[in-house]
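What the coordinates show
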Amino acid sequence: MSIKLSQIIEIIENLAPVDIAEEWDNVGLLVGRREATVSKVLLALDALDAVIDEAIEIGADAIITHHPIIFRPISQITNETPLGCRLLKLIEGGICLYSAHTNLDATEGGLNDTLFDILGLSNKEFICESKPSVFAGRAGTLSMPISLSDFAIIVKNVLSLDVATYCGNGDDIVHKVGIISGGSANREFFRGALAAGCDTFITSDIKLDVAQAALDMKLNLIDATHYGSEVIFAEELAKYLRERVSGVEFVASKINGQVFKVAIGGKN
């Protein structure tokens, strides 16, 4: 059994309307036809070469990713660039590609709400308004105050990270936490978290000067890595779609796309 891709798109966009995506983002159907029939869909954080190969191997008709494969206008699609090769492989393989990015981050029931839940936070607040009535982040309280270093370890374990990186005094006590998945380490979001009373903020892609600015603001940071804070996308959206679509198999990718590796041990 199969259905039109447009029916799946409608369900996703009812959850995460495209008009709440950030202006710089590029969400929606990026490769293929809305009227294409699909019976198997692969979900992944990124349309990596290995993910596209995985889709071909399992016979998927479409891929749904969090990160768009195309962010900026392109002038040609050839086999002379990595992006061109990926797009050609999708087109020649008859594989459609759809992306739900910042719209799925911000929407109620989306990625940041999932992070909020799996971290065991309570008293949810919507923070960091990115456009009218659209909130990029969430804030919540811990069931029991804990030191920053111990909370960083909890984040590490919950998100299956290799290491726990944090900025601040490890003995500081964490009471209230702000969350924005992905690379959202900027001063504007820090101010939004502080305005909500957060003492700690979880995000990723933290630059040195930005970390220093956060510490000057008296805001602790935990870097969950971009991949680590968003890889839950695949299984969570697959689960959501399985509950609402019959006759289509939704498969979460098995490809590990974490680009940052950790070396442990060795001599000084």
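Quick note: structure is the one above.
Now for a description of the structure that goes with this document. Remember, predicted model here, so these are calculated numbers, not experimental data.

With that out of the way, let us pick up the pattern of salt bridges. Throughout the structure, instances matching the rule amount to 11 salt bridges. In this structure, Asp49 engages Arg86 in a salt bridge whose closest nitrogen and oxygen atoms are separated by 3.1 Å. With a gap of 37 residues between them, Asp49 in helix H2 (residues 49–58) and Arg86 in helix H3 (residues 82–92) connect regions that are remote in the sequence. With its nearest N and O atoms 2.8 Å apart, the salt bridge here joins Asp53 to Lys89. On the criterion of sequence distance, the pair formed by Asp53 in helix H2 and Lys89 in helix H3 is long-range, its members being 36 residues apart. The class of Asp53 is partly exposed, set by a relative accessible area of 37%.

Read across the open sheet, the 5 strands follow the order E2-E6-E5-E4-E13; overall the sheet is mixed. If you trace the sheet from one side to the other, it starts and ends with strand E2 (28–31) and strand E13 (249–252), each paired once. Adjacent strand axes in the sheet meet at a mean angle of 25°, parallel and antiparallel pairs treated alike. H2 rests against strand E4 (40–44), strand E5 (62–65) and E13 of the sheet, and its axis sits at about 160° to E4.

Glancing now at the side chain of Arg138. Inspection of the secondary structure assignment puts Arg138 in strand E8 (residues 134–147). Overall, the relative accessible area of 0% leaves Arg138 in the buried class. For Arg138, the side chain forms a polar contact with the main-chain oxygen of Thr107, separated by 3.2 Å. At 2.7 Å, the side chain of Arg138 and the side chain of Asp113 are in polar contact.

Together, Ile74, Ile77 and Ile91 give the surface a local cluster of nonpolar side chains, amounting to about 250 Å² of exposed area. Looking at where Ile91 falls in the secondary structure, it is placed in helix H3.

Quick notes on the rules
Residues numbered from 1 in each chain as written. Predicted model: local features only at pLDDT ≥ 70, side-chain atom pairs only at ≥ 80, totals over all residues. Heavy atoms only, no water. Salt bridge = Lys/Arg side-chain N within 4 Å of Asp/Glu carboxyl O. Helix = DSSP H or I, 4+ residues; strand = E, 2+ residues; numbered from the N terminus. Buried < 20%, exposed > 50% of the residue type's maximum accessible area, 1.4 Å probe, protein only. Pairing = 2+ DSSP bridges. Axes fitted to C-alpha atoms, helices over the stretch in contact; angles between N-to-C directions. Contact = heavy atoms within 4.5 Å. Polar contact = N/O pair within 3.5 Å; in protein donor to acceptor, adjacent residues only side chain to side chain. Patch = residues over 30% accessible without salt bridge, like charges linked within 9 Å, V, L, I, M, F, W, Y side chains within 5 Å. Areas by Shrake-Rupley, 256 points an atom, 1.4 Å probe, with all protein chains shown as cover.

Spatial relationships are all this shows, so hold off on functional conclusions.
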